[in-house]
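Given next are the chains, with one letter for each unit.
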Amino acid sequence: MSKYRSMSCDEDPYIFSSDTLPSDRRFLPPLANGLLGWRVYSNTMHMGGVYNGEGGRCHRADVPCPLTVKVETDEPAQHTYSLDTHTGIFTHTLSSAIVTVTQSLYSHRYYPNLMVMEILLVRQMTSEEPITVRLVSSFTPQSKDIVFESGPDYKGGSHIQGKVTTAEFPGGSCPTVHLIWTHIPPTLTLLPEQSQARWGFILVVANSLDTAEANFDEGLNLMATGNLRPSHEKAWKELWLESQVEVAGSERLCKALIGCMFYLLSAFPSIHDTSSSFGGVSPGGLSNGGDGQDYWGHVFWDQDIWMYPGIALFYPKLARAVLEYRVGTIDGAKDNAQKQGFKGLKFPWESAVSGREVCPEDIYGQQEIHINGDVTLAFQHYLYLTEDLSMFTEGRGREVIYGVADYWVSRASWNPEEQKYHLLGVMPPDEYYYNVNNSVYTNTVAKFSLQFAVELADRLQHPAPKEWQEVAEHLKIPFDQEAQYHPEFDGYIKGHPVKQADTVMLGYPLGLQMSPEIRRNDLEAYELVTDPNGPAMTWVRHSMLYVTVLEIYCRMYFLFKITLIYKIKLGSDGSGAVNFLTGMGGFLQAVLFGYTGFRVQKKCLAFSPVLPNDISELCVRGVNYLGSQMDWLLRKDEICIILREQANSAGSTQSCDLQVILKASGTKIPLTPGNTSKNKQ
């Protein structure tokens, strides 16, 4: 997105355009739909859940893309490249004196196995001459990860199939990939009698021949009925109706928010998907993650802590898909714990399909155990937002929560001198340090996940082992009484450099209770020694927490940090992950949970809004809390909340007893469907 020019205020903020493509092909726009991901014009694409390589060599398998086609004309033309985030469609327009050519590319939002290319030729002057354009393809049916062989054509479509060469773990399965696509000719011609003409080409990617053929049939039918593109656009429209985050006063911030939400949504499955085959969200998304690139396409804590909260606030179905992904890795997590010599579940620091550790460097998988608490925090967040206990019963979520609790009990060591439980030999989120004892973040998230296990067991009438509560109550949380701040771990020397947000996350997202003075001390202790070249999402946490403890002049600091965040996100220098969804998720949280002060709590949705001086209005539509959707309009001196009417399974509207709490004043605001509640701040 850094390569797209800013538009004037009368242009659609959902459209990003440029007259050139970036020279670095990694910055080409990604198109994804939760199953298939592709950077436009790239020779390779990826499919969710399809990895090649064992253990630390595991990476997303490169799949060749037959839609790698560029359009060329004989006569000089003006080029425009646009990404419409309303519809998830990338277009390349060539305008000349005699013809306008529009090439459209998209990953179908409703039918996830489908990718589409459409070409439209429109004659610009009266002529009896045919007009021909060239379709230049760089596609070759080969991959370094999959041995492909040709299959019989299917209804005029070409077909190749193959398996990845190496399973994720010994004895594991090697996924099969089938591609069927319509023939793409080297040229297209607008006949003399035609003023315009349109051509459509489809690509199907699937794990079985039956699925590939069924989707190809569906694609052909959609083209025949003229519903291929409309069904895609309708699906995106439905998604956007469920969420909207826009600001008035800063066009750049508004566009950045839209771009973040678009790319995050692109990484998630359709809200209509019932396959339960979602493969999780990696930091670089589905379009990236090949061998040695963008974290190999692995799933980290980034999904559960940085990307998930902003999506869960609007889309309970998509939130549940993340939890179901983790449930699907239970067997691997159990294997990880056993290999470490502990009970319960140890979720991998880097995950693919099985849940077994696939981190290339062993120390991270062994020591960065806070991932367990990060995973359970997402489950807790979901329960408080939805009260959906079925996720924990039929959906097996309780196995995750209880398994993690058993791991913490097994992993903790009793220290008789301090009369506390310790977690020894860990790596905190700040990866500059390793083999340390009692990481304050790790211990806190462990304590909270143990407490949640006890709470869930009580709600499900399951007898909780007394050790869960015992370890939770006596787990050491490092604190310096003299300096009144939280050291990052036992033996941390105040003032030593840190890589990224760590201790400051005690305030958010963990919500550890502490006085404003201690929170301020934590922020001031770590802000000055945090590596300015560290991960882009770090300053999200600092900026959000400064708002909660400092006066109005420091809210300017908040805005400055926000600006820095999306400068990093939009103006990447090419290092690190490209299209970094982790940074986008963190940036979105800075507005959704920073400007609004939203906090998802056990008994309520709390908020404490504050807007920077140059933001006059913040609109957040579609917040989904306890099954009801709310639209929020925040102004400097007014909060307007509209609770949408919700239909039950019988089709009639139902009322619900909801209230939100304005944290600044403690005011309780009752809400009923269809009503508007306004409060002066």
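Within each chain, residue numbers correspond to sequence positions counted from 1 in written order. Confidence filtering applies because this is a predicted model: local features only for residues at pLDDT of at least 70, side-chain atom pairs given and counted only at 80 or more, and all residues used for totals across whole chains, interfaces and linings. Computation of side-chain values: all heavy atoms of the structure, hydrogens and water removed.

J.: Now, about empty space enclosed by the protein: what can you tell me, with residues and values included?
T.: Gaps between atoms show up when a probe of the same size as a water molecule is rolled over them. In the cavity and pocket records, a cavity denotes points on a 1 Å grid over the protein atoms alone where a 1.4 Å probe fits but cannot get out, a pocket denotes an open set with protein on both sides within 12 Å along at least 5 of 7 lines, and lining residues are residues with an atom within 4 Å of a point. Grid points are joined across faces, edges and corners, and a volume is the space filled by probe spheres set on the points. Per the stated rule, a full pass over the model turns up four cavities of 30 Å³ or more. The computed volume of the largest cavity comes to approximately 80 Å³. Taken together, P30, A32, Y263, S266, A267, G284, G285, L286, S287, N288, N579 and L581 make up the lining of the largest cavity. In DSSP terms, a helix is any run of H or I states spanning at least four residues, a strand is any run of E spanning at least two, and both are numbered starting from the N terminus. Of all elements in the fold, only β2 (30-32) and α3 (251-266) reach the threshold of two or more residues within the lining of the largest cavity.

J.: Can you tell me about the environment of L385, naming the residues and giving the values?
T.: If you trace the backbone, L385 turns up in helix α8 (residues 370-386). It is 7.5 Å that separates the C-alpha atoms of L385 and L313, two residues lying 72 residues apart in sequence. Setting aside anything within four residues of it in sequence, one finds L385 in contact with A312, L313, V600, N624, Y625 and L626. The contact rule is simple, with two residues in contact once any of their heavy atoms fall within 4.5 Å.

J.: Outline the packing of helix α10 (residues 440-459) against helix α11 (residues 466-474), supporting the account with residue identities and numerical values.
T.: Axes are the key here: two packed helices are described by the angle between their axes and the distance separating the axes. An axis is simply a line fitted to the C-alpha atoms; with a helix, the fit covers only the stretch in contact. Between two such axes, the angle follows the N-to-C directions and lies from 0 to 180 degrees. Interaxial distance between α10 and α11 falls to 8 Å at its minimum, and their mutual angle equals 145°. Between α10 and α11 lies a crossing whose hand is left-handed. In this structure, α10 uses K447, L450, Q451, A453, V454 and A457 to contact α11, whose residues at the interface are W468, Q469, V471, A472 and E473. Residues are grouped as follows: Ala, Val, Leu, Ile, Met, Phe, Trp, Tyr, Cys and Pro are nonpolar; Asp, Glu, Lys and Arg are charged; every other residue, Gly included, is polar. Residues belonging to the contact of α10 with α11 are distributed by class as follows: seven nonpolar, two polar and two charged. By the definition used in this description, the sense in which the near helix is turned from the far one sets the handedness, with an anticlockwise turn below a right angle giving left-handed and a clockwise turn giving right-handed.

J.: Describe the sheet that holds strand β7 (residues 63-64), and please don't skip the residues or the numbers.
T.: With antiparallel pairing, four strands are arranged side by side in an open sheet as β2-β3-β4-β7. Looking along the sheet, the strands with just one partner apiece sit at the ends: β2 and β7. Two strands pair if DSSP finds at least two bridges between them. With two bridges connecting them, strand β4 (residues 44-47) and β7 associate as antiparallel partners. In the sheet register, T44 faces β7, and the bridge partner there is P64.

J.: Account for the packing of aromatic side chains, naming residues and giving values.
T.: Think of it this way: a Phe, Tyr or Trp ring, Trp meaning its six-membered ring, pairs with another when their centres are within 6.5 Å, and the plane angle makes it stacked under 30 degrees, edge-to-face over 60, tilted otherwise. Scanning the entire structure with this criterion turns up 32 aromatic pairs. Between F300 and W349, the aromatic rings sit 5.9 Å apart at their centres with planes inclined by 90°, giving edge-to-face as the arrangement. Here F300 is found in the loop between α3 and α4 (301-312), whereas its partner W349 is found in the loop between α6 (330-340) and α7 (362-367), with 49 residues between them in sequence. Of the two residues, F300 and W349, both sit in the buried class. Accessible area is worked out with a 1.4 Å probe on protein chains only. A residue is then buried under 20% of its type maximum, exposed over 50%, and partly exposed in between.

J.: Tell me about the side chain of D302, and please be specific about residues and values.
T.: Position of D302 among the secondary structure elements: in helix α4. Summary of buried charges: D302 has no salt-bridge partner, and the nearest side chain of opposite charge, R326, is 8.0 Å away. In this structure, D302 is in contact with P283, M307, F580 and T582, ignoring residues within four places of it in sequence. For the charge count, each Lys or Arg is scored as positive and each Asp or Glu as negative, with His and the chain ends excluded. Salt bridges are counted wherever a side-chain nitrogen of Lys or Arg sits within 4 Å of a carboxyl oxygen of Asp or Glu.

J.: Tell me what's going on with the confidence of the model for the protein chain, and back it up with residues and numbers.
T.: The predictor's confidence in any single residue is recorded as pLDDT, a number from 0 to 100. Per-residue pLDDT for the protein chain averages 89, and the proportion of residues at 70 or more is 87%. Low pLDDT, under 50, characterises residues 566-574; the stretch is placed with 21 contacts to residues that sit more than four places away or in other chains. Between residues 647-657, whose pLDDT stays under 50, and residues either more than four places distant or in other chains, the model counts 14 contacts.

J.: Hey, could you go over the environment of R26 for me, with residue numbers and the actual values?
T.: Along the chain, R26 falls in the loop between β1 (15-18) and β2. Here the alpha-carbon distance between R26 and V578, two residues 552 residues apart in the chain, equals 6.8 Å.

J.: Before we move on, can you summarise the nonpolar core with the specific residues and values?
T.: Throughout this description, the term nonpolar core refers to a set of buried Ala, Val, Leu, Ile, Met, Phe, Trp, Tyr and Cys residues connected via side-chain atoms within 4.5 Å. F392 and W632 are the most contacted members of the largest nonpolar core, which totals 176 residues. In terms of residues, this core owes the most to one element, α3, which gives 11 residues. Apart from the residues lying within four places of it in its own chain, the contact partners of F392 are F379, Y382, L383, G397, R398, I401, F452, L456 and L460.

J.: I'd like a rundown of α8, residues and numbers included.
T.: The end-to-end C-alpha distance of α8, which contains 17 residues, comes to 25 Å, matching closely the 24 Å that a straight helix rising 1.5 Å per residue would cover. E387 occupies a position one or two residues after α8 and carries a positive phi of about 55°. What a helix is expected to span follows from its residue count: subtract one and scale by 1.5 Å.

J.: Which residues make up helix α9 (residues 397-411), and what values do they have?
T.: Helix length check: α9, at 15 residues, gives a terminal C-alpha distance of 21 Å against a target of 21 Å (1.5 Å per residue), a fit within 8%. Every buried residue belonging to α9 is among G397, V400, I401, Y402, G403, V404, A405, Y407, W408 and R411, and all of these are buried.

J.: Before we move on, can you summarise the packing of helix α5 (residues 316-327) against α8 with the specific residues and values?
T.: Interhelical geometry of α5 versus α8 gives an angle of 145° and a closest axis separation of 10 Å. In terms of crossing hand, the pair formed by α5 and α8 is left-handed. The segment α5 lies against α8, with P316, A319, R320, L323, R326 and V327 engaging I371, V375, A378, F379, Y382 and T386. By residue class, the composition of the contact of α5 with α8 is nine nonpolar, one polar and two charged.

J.: So what's going on with the side chain of H92? Which residues, and what values?
T.: Along the chain, the position of H92 falls in strand β10 (residues 89-95). Identification of polar contacts relies on pairs of N or O atoms within 3.5 Å, with a donor-acceptor requirement for protein atoms, meaning one able to donate a hydrogen and the other able to accept it, and with residues adjacent in sequence counted only if both atoms are side-chain atoms. In this structure the side chain of H92 is engaged in a polar contact, spanning 2.8 Å, whose partner is the side chain of H79. Sequence-distant contacts of H92, that is, excluding residues within four places in its chain, are made with Y41, V71, H79, T80, Y81, V101, T102 and Q103.

J.: Which residues make up the sheet that holds strand β16 (residues 176-182), and what values do they have?
T.: With antiparallel pairing, the nine strands of this open sheet are ordered in space as β1-β9-β10-β11-β12-β18-β16-β15-β14. For this open sheet the edge positions go to β1 and β14 (146-154), each flanked by a neighbour on one side alone. On average, adjacent strands in this sheet sit at an angle of 15° to one another, irrespective of strand direction. Pairing of β1 with strand β9 (residues 78-84) involves four bridges; the strand directions are antiparallel. Directly across from I15, in β9, lies its bridge partner D84. The strands that helix α1 (residues 209-225) touches are β12 (114-123), β14, β15 (157-164), β16 and β18 (196-206); relative to β18, the one it contacts most, it runs at about 165°.

J.: Talk me through the pairing of strand β25 (residues 628-635); I want residue IDs and the actual numbers.
T.: With seven of eight residues buried, β25 lies mostly within the body of the structure. One ladder, built from eight bridges, connects strand β24 (residues 617-625) with β25; its direction is antiparallel. Within β25, the position partnered with R621 by the bridge is D631. Hairpin connection of β24 to β25: two residues between the antiparallel strands, including L626 at a positive phi of 55°. Sheet topology note: the β25/strand β26 (residues 638-643) ladder contains five bridges and is antiparallel. Counterpart to M630 in the pairing with β26 is L643. Connecting β25 to the next strand, β26, in antiparallel fashion are two residues.

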